Amino acid sequence: MIDGQSFQVEGSLDSYVVTGDSEKPVKCWHSAKCASGIYLECEADPGYIFLKVGGLDDASWVTPEMHIYTAAS
């Protein structure tokens, strides 16, 4: 989860919207070329994006601070 103002993407993206656990919209952004997920924008957390670290060229700077959806019932 990072500040959306400090984030930019190079390349073409597509998106779709789903309903999150909060019952609010979640916009899912993915590569227009290969459909790999890049980040999410959640109406429940305005101003922030949820970056999918696997899409970064260099993720060595990332330090996890939380885990989300680590188990399912």
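Residues numbered from 1 in each chain as written. Predicted model: local features only at pLDDT ≥ 70, side-chain atom pairs only at ≥ 80, totals over all residues. Heavy atoms only, no water.

Here we come to the overall build of the chain. When helices and strands are counted, the chain shows zero helices and five strands. Counting from the amino terminus, the chain carries its helices and strands in the arrangement β-β-β-β-β. Across its three principal directions, the C-alpha atoms of the chain cover 30 × 25 × 25 Å. A total of 73 residues make up the chain; the buried ones form 16% of that total. Carbon and sulfur atoms form 49% of the exposed surface of the chain, whose accessible area is close to 5800 Å². (Helix = DSSP H or I, 4+ residues; strand = E, 2+ residues; numbered from the N terminus. Buried < 20%, exposed > 50% of the residue type's maximum accessible area, 1.4 Å probe, protein only. Areas by Shrake-Rupley, 256 points an atom, 1.4 Å probe, with all protein chains shown as cover.)

With that settled, consider unusual backbone geometry. For Glu23, which is not glycine, the phi dihedral falls at a positive 75°. Mapped onto the elements of the fold, Glu23 is located in the loop between strand 2 (13-19) and strand 3 (25-31). In this model, Ala35 sits at a positive phi of 70°, which is unusual for a non-glycine residue. Looking at Ala35, the relative accessible area reads 53%, which means it is exposed.

Turning our eyes to something else, we now look at the pairing of strand 5 (residues 48-51). Of the strand pairs in this sheet, strand 1 (residues 2-3) and strand 5 are connected by two bridges, and their pairing is antiparallel. In the strand pairing of strand 5, Ile2 is matched with Ile49. The pairing of strand 4 (residues 37-42) with strand 5 spans two bridges and is classified as antiparallel. Bridging across to strand 5, Tyr39 finds its partner in Leu51. Between the antiparallel neighbours strand 4 and strand 5 lie five residues, among them Gly47 with a positive phi of about 90°. (Pairing = 2+ DSSP bridges.)

All right, on to the sheet that holds strand 4 then. Taken in spatial order, the five strands line up as 1-5-4-3-2 in an open sheet, and their pairing is antiparallel. Because the sheet does not close on itself, it has two edges, and the strands there are strand 1 and strand 2. As paired strands, strand 3 and strand 4 are joined by five bridges and run antiparallel to one another. Paired with Cys28 across the strands is Leu40, a residue of strand 4.

With respect to the helices and strands, the residue Glu10 is situated in the loop between strand 1 and strand 2. Overall, Glu10 belongs to the exposed group, its relative accessible area being 77%. For the pair Glu10 and Cys28, spaced 18 residues apart in sequence, the C-alpha to C-alpha distance is 16 Å.

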